[in-house]
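What follows is each chain in one-letter form.
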Amino acid sequence: MDKKSKILFIVLGIMIAGSIALTYWRIMVKKDYIIEGQADCDPYISRCFVWECDPASNEEGEKCTGNPDEDVWHYQVVRRKAFNIPLCDPERDESCNPWDCAEGEMDCSVDFCAEDRLETQYAAYCSDPVKYSEERIH
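My aim in this report is to walk through the structure given alongside it, one point at a time. Since the model is a prediction, treat every value here as computed from it, not as a measurement.

Let us look at the overall build of the protein chain. Counting secondary structure elements, the protein chain contains 3 helices and 5 strands. Listing each helix as α and each strand as β along the protein chain from the N terminus yields α-β-β-α-β-β-β-α. Taken over C-alpha atoms, the radius of gyration comes to 23 Å for the protein chain, far larger than the 14 Å a tight globule of 138 residues would show. By principal-axis analysis of the C-alpha atoms, the protein chain measures approximately 85 × 40 × 30 Å. Counting the 138 residues in the protein chain, one finds 25% classified as buried. Within the protein chain, residue pairs in contact and separated by at least 24 positions form 68% of the contacts whose partners lie at least 6 positions apart. Summing over all exposed atoms, the protein chain offers an accessible surface of approximately 10,500 Å²; the carbon and sulfur share of this is 56%.

Next comes the structure, spelled out in structure tokens:
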């Protein structure tokens, strides 16, 4: 192997190692990436995605339970930077909500239902706050 080839391999090796180290630092240390999650949504106030159980399914979490509160779920999609999500357990700490955007928080967004996003969010339909409120009153 000639000298030029050795230099090329050394430079390429340094570039690959540097790229791996930089990616590790950005993702594992700084947590500089976006996490998208589904959070509860109030159908009386907002236009929510609606997930309904599948009566034909035998899969846990997809089959119907017979309880309307568990068989239908209203949700919104939240995107936050990983480093802004608190390290707490919502099951144990009622004040913990990892999907609440802080006031003025950059790179934090809440997406409510839109017809063109139903399929990508696996939703049956979008709720309408006015119709939902009317249905619950009557």
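This part is about the pattern of salt bridges. Inspection of the entire model under this criterion finds 8 salt bridges. Across the pair Lys81 and Asp32 runs a salt bridge, and its minimum N-O distance is 2.5 Å. One end of the pair, Lys81, is in strand β3 (residues 72-81); the other, Asp32, is in the loop between α1 (3-29) and β1 (34-40), and 49 residues separate them in sequence. Under the relative-accessibility criterion, Asp32 is labelled buried at 16%. A salt bridge links Glu36 to Arg79, with the shortest nitrogen-to-oxygen separation between them at 2.9 Å.

A word on the nonpolar core. Listed in full, the 7 residues of the largest apolar core are Phe49, Tyr75, Val77, Cys113, Leu118, Ala123 and Cys126. Sequence-distant contacts of Cys113, that is, excluding residues within four places in its chain, are made with Arg47, Cys48, Phe49, Leu118, Tyr125 and Cys126.

Within the fold, Gly61 resides in the loop between β2 (49-52) and α2 (68-71). By relative accessible area, Gly61 is classed as exposed at 55%. Residues Gly61 and Arg47, spaced 14 residues apart in sequence, show a C-alpha to C-alpha distance of 23 Å.

With 7 of its 10 residues buried, β3 lies for the most part within the structure. As paired elements, β1 and β3 share 7 bridges and run antiparallel to each other. In the strand pairing of β3, Asp40 is matched with Tyr75. Bridging between β2 and β3 involves 4 bridges; their strand directions are antiparallel. Residue pairing for β3: Phe49 is matched across the bridge by Tyr75. When β3 meets strand β4 (residues 109-111), the two strands line up antiparallel, connected through 3 bridges. Directly across from Val78, in β4, lies its bridge partner Val110.

So, how was this worked out
- Residues numbered from 1 in each chain as written.
- Predicted model: local features only at pLDDT ≥ 70, side-chain atom pairs only at ≥ 80, totals over all residues.
- Heavy atoms only, no water.
- Helix = DSSP H or I, 4+ residues; strand = E, 2+ residues; numbered from the N terminus.
- Rg over C-alpha atoms; globule rule 2.2 N^0.38 Å.
- Buried < 20%, exposed > 50% of the residue type's maximum accessible area, 1.4 Å probe, protein only.
- Contact = heavy atoms within 4.5 Å.
- Areas by Shrake-Rupley, 256 points an atom, 1.4 Å probe, with all protein chains shown as cover.
- Salt bridge = Lys/Arg side-chain N within 4 Å of Asp/Glu carboxyl O.
- Core = buried A, V, L, I, M, F, W, Y, C linked by side-chain atoms within 4.5 Å.
- Pairing = 2+ DSSP bridges.

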